[in-house]
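Listed below, chain by chain, are the residues.
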Amino acid sequence: MKRIFLAIAIILIILGCAGWSLHSLYQFKNQGLDMLDEISNDAKNGRLETAAAKAEEFRLLWRDVEGSFIQFIRRDPLEQITSASSRLPSLGEYGDLSQFLALVEELKTLVEDLWEDELPLLHNII
């Protein structure tokens, strides 16, 4: 009987960790995509300095959450987001609008792909 309770406890711990990780990723996805939309809108409206400052905020947000994501997400997608988010503030600061907007769109795609790849769906598990 003790083994059954222990097995149930282990399963509950695993499910709790999985739920927490999905919740954390969901919060980042929503907040990150909102920030990237604001960055894109600012850049398109000619406020490149504001967009560059918000890009730096996005980079800092990513730096804060990346450490917890490393524990449960494959490393390659995280490194791609790290690389792109590191280049974004400099592109905005030095006025390269086309590359800046292209990188913002790339980051949006990377964040959305990260979320979709971590969902516990059958095609992600197999």
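Look up: the structure comes first, before these words.
Here the structure is a predicted model, which is why all the values come from computation and not from measurement. (Residues numbered from 1 in each chain as written. Predicted model: local features only at pLDDT ≥ 70, side-chain atom pairs only at ≥ 80, totals over all residues. Heavy atoms only, no water.)

Looking at the packing of helix α2 (residues 48-69) against helix α4 (residues 97-118)
- Relative to each other, α2 and α4 sit at 30°, their axes nearing to 12 Å. Comparing their axes, α4 and α2 come out roughly parallel. The hand of the α2/α4 crossing is left-handed. Taking contact as the criterion, the partners of Leu-48, Ala-51, Ala-52, Ala-55, Phe-58 and Trp-62 in α2 are, on α4, Leu-97, Phe-100, Leu-107, Val-111 and Leu-114. (Axes fitted to C-alpha atoms, helices over the stretch in contact; angles between N-to-C directions. Helix = DSSP H or I, 4+ residues; strand = E, 2+ residues; numbered from the N terminus. Parallel < 35°, antiparallel > 145°, perpendicular 65-115°, else oblique. Left-handed = near helix turned anticlockwise from the far one by under 90°. Contact = heavy atoms within 4.5 Å.)

Quick word on a nonpolar patch on the surface
- A cluster of nonpolar residues, Met-1, Ile-4, Phe-5, Ile-8, Ile-11, Leu-12 and Leu-15, forms a patch on the protein surface that exposes about 780 Å² of accessible area.
- Along the chain, the position of Leu-12 falls in helix α1 (residues 2-44). (Patch = residues over 30% accessible without salt bridge, like charges linked within 9 Å, V, L, I, M, F, W, Y side chains within 5 Å. Areas by Shrake-Rupley, 256 points an atom, 1.4 Å probe, with all protein chains shown as cover. Salt bridge = Lys/Arg side-chain N within 4 Å of Asp/Glu carboxyl O.)

Considering the packing of aromatic side chains
- Counted under the stated rule, the structure contains 7 aromatic pairs.
- A centroid spacing of 5.4 Å and a plane angle of 55° characterise the contact between Tyr-26 and Trp-115, whose relative ring orientation is tilted. Taken together, the residues span a long stretch of sequence, with Tyr-26 in helix α1 and Trp-115 in helix α4 at a distance of 89 residues.
- Look at Trp-115 and you get buried, because its relative accessible area is 16%.
- Aromatic side chains Phe-28 and Phe-58 sit 6.1 Å apart centroid to centroid with 40° between the ring planes, which places their arrangement in the tilted category. Of this pair, Phe-28 sits in helix α1 while Phe-58 is found in helix α2, placing the two residues 30 residues apart along the sequence.
- Chaining the aromatic ring pairs together yields one cluster made of Trp-20, Phe-28, Phe-58, Trp-62, Phe-69 and Phe-72. (Phe/Tyr/Trp six-rings, centres within 6.5 Å; stacked < 30°, edge-to-face > 60°. Buried < 20%, exposed > 50% of the residue type's maximum accessible area, 1.4 Å probe, protein only.)

Focus: the pattern of salt bridges
- Inspection of every chain in the model, using the stated rule, returns 8 salt bridges.
- The salt bridge partner of Arg-47 is Asp-42, with a shortest N-O separation of 2.7 Å.
- With a relative accessible area of 40%, Arg-47 lands in the partly exposed category.
- The shortest N-O distance in the salt bridge between Asp-42 and Lys-54 comes to 2.9 Å. In this pair, Asp-42 sits in helix α1 while Lys-54 sits in helix α2, placing the two residues 12 residues apart along the sequence.
- On the basis of relative accessible area, Lys-54 is assigned to the partly exposed category, the value being 22%.
- Overlapping salt bridges, with partners in common, bring together Glu-38, Asp-42, Arg-47 and Lys-54 in one network.

Overview of the side chain of Lys-29
- When you line up the elements, Lys-29 lands in helix α1.
- Nearest to the buried, unbridged Lys-29 among oppositely charged side chains is Glu-112, at 7.2 Å.
- If sequence neighbours within four positions are ignored, Lys-29 has contacts with Val-111 and Trp-115. (Lys, Arg positive; Asp, Glu negative; His and termini not counted.)

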